[in-house]
Amino acid sequence: MTTLDERHGEDARETERETDRAYRPTATVPLDQLTPEQDRFAGSKAANLARAARAGLPVLPGFVIPVGAGEDPAGLRRAWQDLSDSGARPLVVRSSSPQEDTQQSSLAGQFASVLDVRGWPDFGTAVRTVRDSAHLPDGSVAPMAVLVQPMLRARVGGVLFGADPVEGRTDRMLVSAVRGGPDRLVGGEQAGTTYWLSRRGRLLRTGEPTAEAVLTRSELRQLARLARRARQVFGGPQDIEFGFTGGEVGSGRLWLFQSRPITAMAVRPTRGTRLLGPGPVAETLPDQLQPLEEDLWVTPMARGLTAALDIAGSAPRRLLRTVPVVTTVDGRAAADLRLLGAAPPRHRWPALLNPAPGARRLGAAWRVGRLTAALPGLAADLVADVDRGLAQVPAPGEFPGPDLAARLRWTRAALVALHAQEALAGALLRVPPASRTAAGAALTALAETRALGIPDERAAASAPTVLALTAPSLRGRGRLPQTPAPESTHAQEKSGNSPSPSPPRTSPNYLSPTHPSPTPASPNHPSPTFTPRTPSLPPRESLRLRVRWVQELQVRLVREAARRLGPDGDRVALLRWPELAAVLDGDPLPADLSARLPRPESPPLPDAFRLVDGSVVAERTGTGRRGHADGTGVSGGRAVGTVWDGTGPRPSDAVLVVRTLDPALAPLLPGLAALVAQTGSPLSHLAVLAREFGVPAVVGATDAVRRYPPGTRVAVDGTTGDVRTGDAR
């Protein structure tokens, strides 16, 4: 029995079939006679040009061989003869699929176009070539119409965007032009001269200027008018291919070859979006963190720095209540650069005239004045309290579960106080240039333990100061850095030039009871902080050293908790702190713990960036928008991966590095981590596709093929154009 919904569905399908029979064109349809009802058979490219022609935009004449058109060789030959003047005029035979040039997907360069077609036999071959290109790499076949127009010999051609898709700005236009037709530009063979225009056509700046201007100011104004008219016709900014005819500069006529919606606009931060960056927090937490590591180390740091900023009156209390000073992005610690004073104000003169910061500091002045005098004593008291707390910690294996949780709570509270006082000491106390640093003292201690033949994995037990050279990690510890001889280290410290080694990389092994600490707890060495031989350091350095010691105690306690959890212990770092505390107090493990996965590797954060809908958007600097960029970013995003040249086995995190943005590479784009090319334009087909697929892409990376051979690990930033080897520290 047929239901009412089924009858309605069948009626709708029958109506659609009747519409198809009524409007399906036969053989060929002149472009200027194509009706809106026939658009679905003409394909998007031809339908857009017909719509532009009806609105009076400068479109060349032509005809369409519709999707599913019946065989009519005589009619097709008549249309060819009329348009080509019986073969005297060359033609362009182009794809026009309903699946390309849409609001959702451009499929730029995916289907064939044949230029300079002469003679009836060549015309037939070109039509078959275009139709055959409907077979996609995934095995599907796209519906395909064929668009035929005269071949125009352009003096200058290029691409016009009615908005700036690279920077995500709708208040300006972007033009890239080359001598000749636009096919060399969109095919990636030649990088064009780029022009940034205002909405009214005023030239804002030019990229990669040539000795002779490719476009005149008058031609740029014509392009701006064309972009505005196309926006009105199609209801949004368009991606337009254009050409100017004429033998002399400024004497030609402007033609519109193609118009389609801009399918991928870069994310643009809204007004007031926070400016973030690794900043000073990277010194303490340089590596990517798992959830429990965030809760143990980032949360106390954020609370401590908030307290310090509040006491010093450096930021409004209302803002400090709502905005975390330190946060994480993809597991990497980042700070609010403006709150920490690591970035200049957005508007210099209003900031100087603003009375609020001065009034706030005046209100805090009496606190700060008294605090500056008292801070050394307060720091000494806190150091003594922390040392006593550490000395009272028995071997972790002797703790019952609730006591283990209580000790971890104490460590988090201690870190808040240590971070707060360390920040205040750094801001308020003047330190003599020749003062010792925790890193310098650690290098001295490491040199001494090595001179005594003590292995590096036991160095922290004999000289806990050595821990200042490592970053905290629940996943193991990397090798300690090499150090100069003890004499040279002492000499450097006395001269105030203590070496500051880079933090060693941590092991990729996930926390597991089978990967114990390099210095296991024992009755003789229950904790690395129990050894009383501690060098005399300035207040801030003493506080920083205790931060590292407390973090190391947390690592030992968490490893003990992992051991007690048995087979599930190797996933303990995937817990959040409240979950671990509840488990230690006797609650069961979360039911979904076995399904949780470690965070995938993420690239290092830019020096300064903003978060837009969870995506990192690097802050652009400099008039050229390039800074220290290796190339030009054409598709936003960041990725770390392995260089691949497109041949041989494809790495799972492939970064395709090529000489040119050849459209034939398009099938390789899905699944790429990133794309790097030595040449190419931000407006080429492959660059457009990279933005659609969300693949970070960089063009203009000089000598990239030689500098980044297959197998090299690189970090790519598709916004700034940075391409760096290794982990880009």
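Use the structure listed above.
Not measured: the values here are computed from a predicted model.

Draft legend 1. Structural detail: the packing of aromatic side chains. Under the criterion given, the structure shown has four aromatic pairs. Ring centres 6.1 Å apart and planes at 75° place the aromatic pair Phe242 and Phe244 in the edge-to-face group. Assigned by exposure class, Phe242 and Phe244 land together as buried. An aromatic cluster is built from Phe63, Trp80, Trp120 and Phe123, whose rings are joined through pairwise contacts. Over the aromatic face of Trp196 sits the side chain of Arg205, whose NZ or CZ is 3.7 Å from the ring centroid. Lying over the aromatic face of Trp410, Arg407 brings its terminal NZ or CZ to 5.2 Å of the ring centre.

Draft legend 2. Summary view of the side chain of Thr194. Note on placement: Thr194 falls in strand S8 (residues 193-198). We classify Thr194 as buried; its relative accessible area is 12%. Look past the residues within four positions of Thr194 in its chain and what remains in contact with it is Leu174, Val175, Ser176, Arg205, Thr206 and Gly207.

Draft legend 3. Fine view of the environment of Arg650. Of note, Arg650 is situated in the loop between strand S18 (638-644) and strand S19 (654-658). Arg650 gets classed as partly exposed once you look at its relative accessible area, which sits at 35%. Expressed as a C-alpha distance, the spacing of Arg650 and Leu668, which sit 18 residues apart in the sequence, is 9.9 Å. Separated by 3.1 Å, the side chain of Arg650 and the backbone oxygen of Leu668 make a polar contact.

Draft legend 4. The arrangement of unusual backbone geometry in detail. Positive phi, normally seen in glycine, also occurs at Asp116, with a value near 55°. Tracing the chain through its elements places Asp116 in strand S4 (residues 113-117). Notably, Asp330 is not glycine yet its phi reads approximately 55°, a positive angle. For Asp330, a relative accessible area of 43% translates into the label partly exposed.

Draft legend 5. How the structure looks around the nonpolar core. In this structure, Leu292, Trp297, Val326, Leu418, Val558, Val572 and Leu580 are the most contacted members of the largest nonpolar core, which totals 66 residues. Those elements that place two or more of their residues in this core are helix H8 (291-312), strand S14 (332-336), helix H11 (355-391), helix H12 (401-428), helix H13 (438-451), helix H16 (539-564) and helix H17 (577-584). The element best represented in this core is H16, accounting for 11 residues. Listed in part, the 36 residues of the second largest apolar core include Leu31, Ala46, Ala230 and Phe244.

Cut-offs used in this document
- Residues numbered from 1 in each chain as written.
- Predicted model: local features only at pLDDT ≥ 70, side-chain atom pairs only at ≥ 80, totals over all residues.
- Heavy atoms only, no water.
- Phe/Tyr/Trp six-rings, centres within 6.5 Å; stacked < 30°, edge-to-face > 60°.
- Buried < 20%, exposed > 50% of the residue type's maximum accessible area, 1.4 Å probe, protein only.
- Lys NZ or Arg CZ within 6 Å of the ring centre and 35° of its normal.
- Helix = DSSP H or I, 4+ residues; strand = E, 2+ residues; numbered from the N terminus.
- Contact = heavy atoms within 4.5 Å.
- Polar contact = N/O pair within 3.5 Å; in protein donor to acceptor, adjacent residues only side chain to side chain.
- Core = buried A, V, L, I, M, F, W, Y, C linked by side-chain atoms within 4.5 Å.

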